[in-house]
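# A look at the structure
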Amino acid sequence: MTANLAWAMASANLEPIGAVDTAFGGNSTLCKLLGVDPLTPGFWDYLLGPFVVGRQVEPTVSAVGNIRVVSNGRLTSHAVNWALSDMVAALGRDPGKVGDYVLEEIGRLVTRYLMPHGVGIVVVDLPSTASVGPVAWAFLMRASVVNLVVQAGSTHLDEAREALGLISAVNQQRAQLGVRPLVTYLIINSALPNDNTTNQL
């Protein structure tokens, strides 16, 4: 879905479109569909480098037509989870400090590594919010539009409701800051006959 969106936007825009993959390890559908090696230095290497190798790791920006792609990176899902724990510990287990750190680094990723390529719009492929809560929150705080994609017969309703709950919480914070709420679309992918997912959500 994210790859299709990136291709469609890149075809309709004169300026390049940025795409950031935040999947874990080799599980990247976005990078595979765009023909980018998911194990080049990427998002997780950049965000968690100070807690894994003791320094910031520069992400590779790959050009695919009019799309500029930052891969998910070389860290496995286990390495990401361990490094996220190390990050939280290093920041004193303070939710505010963790959120501020992730928010600042995501902003720097866009301004330092994507905008110099002429990117004005960035699409992000986020996995389940359950495993990357602070990261999902930070991206949503900086976003304008969010597409919540539900795979009928595959996505657990609790998982989708958790994502909707996070979006609602982010919108409350945005309102307190005087920022417009997220434009949110619920997309039912591969809906089954008589599927009732939308009504249940």
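Summary of the structure given here. Here the structure is a predicted model, which is why all the values come from computation and not from measurement.

### Examining the environment of Trp 44
With respect to the element layout, Trp 44 can be found in helix 3 (residues 43-52). The exposure class assigned to Trp 44 is buried, which follows from its relative accessible area of 0%. In this structure, the C-alpha to C-alpha distance between Trp 44 and Leu 84, residues 40 residues apart in sequence, is 9.7 Å. Contact partners of Trp 44, with chain neighbours within four places excluded, come to Thr 22, Ala 23, Phe 24, Gly 49, Asn 72, Leu 75, Val 80, Leu 84, Val 132 and Val 135.

### A look at the side chain of Ser 71
Within the fold, Ser 71 resides in the loop between strand 3 (67-70) and helix 4 (77-90). Judged by its relative accessible area of 1%, Ser 71 is buried. Polar contacts involving the side chain of Ser 71 include one to the main-chain carbonyl oxygen of Thr 40, which spans 3.0 Å. Those residues in contact with Ser 71 that lie beyond four places of it in its chain are Asp 21, Cys 31, Val 36, Asp 37, Pro 38, Thr 40, Pro 41, Gly 42, Phe 43 and Thr 60.

### Points about the side chain of Asn 66
Here Asn 66 is to be found in the loop between strand 2 (61-64) and strand 3. Engagement of the side chain of Asn 66 in a polar contact is seen with the backbone oxygen of Glu 15, the distance being 3.2 Å. Beyond its immediate stretch of four places on either side in the chain, Asn 66 contacts Ala 10, Asn 13, Leu 14, Glu 15, Pro 16 and Ile 17.

### Quick word on the packing of aromatic side chains
Remark: the centre distance and the inter-plane angle together describe each pair of aromatic rings, the angle taken between the planes. Using the criterion set out here, one finds four aromatic pairs in the structure. Consider the rings of Phe 43 and Phe 139, whose centres lie 5.6 Å apart with planes at 40 degrees: the pair is tilted. Here Phe 43 is found in helix 3, whereas its partner Phe 139 is found in helix 6 (residues 133-142), with 96 residues between them in sequence. Like Phe 139, Phe 43 is buried. Considering the side-chain rings of Tyr 46 and Tyr 113, the 5.7 Å spacing of their centres and the 75 degrees angle between planes classify their relative orientation as edge-to-face. Taken together, the residues span a long stretch of sequence, with Tyr 46 in helix 3 and Tyr 113 in helix 5 (residues 95-114) at a distance of 67 residues. Classification of Tyr 113 by relative accessible area gives buried; the value is 10%.

### Concerning the nonpolar core
In summary, soluble globular proteins display a tendency toward joint burial of nonpolar side chains. By size, the foremost hydrophobic cluster in this structure holds 37 residues, and its most contacted members are Phe 43, Trp 44, Leu 48, Met 87, Val 102 and Val 135. When residues of this core are traced back to their parent elements, those giving at least two are helix 3, helix 4, helix 5, helix 6 and helix 7 (157-176). Per element, the largest residue contribution to this core is eight residues, and it comes from helix 5. Grouped together as the second largest cluster of nonpolar side chains are 13 residues, Ala 19, Leu 30, Cys 31 and Val 64 included.

Basis of the calculations
- Residues numbered from 1 in each chain as written.
- Predicted model: local features only at pLDDT ≥ 70, side-chain atom pairs only at ≥ 80, totals over all residues.
- Heavy atoms only, no water.
- Helix = DSSP H or I, 4+ residues; strand = E, 2+ residues; numbered from the N terminus.
- Buried < 20%, exposed > 50% of the residue type's maximum accessible area, 1.4 Å probe, protein only.
- Contact = heavy atoms within 4.5 Å.
- Polar contact = N/O pair within 3.5 Å; in protein donor to acceptor, adjacent residues only side chain to side chain.
- Phe/Tyr/Trp six-rings, centres within 6.5 Å; stacked < 30°, edge-to-face > 60°.
- Core = buried A, V, L, I, M, F, W, Y, C linked by side-chain atoms within 4.5 Å.

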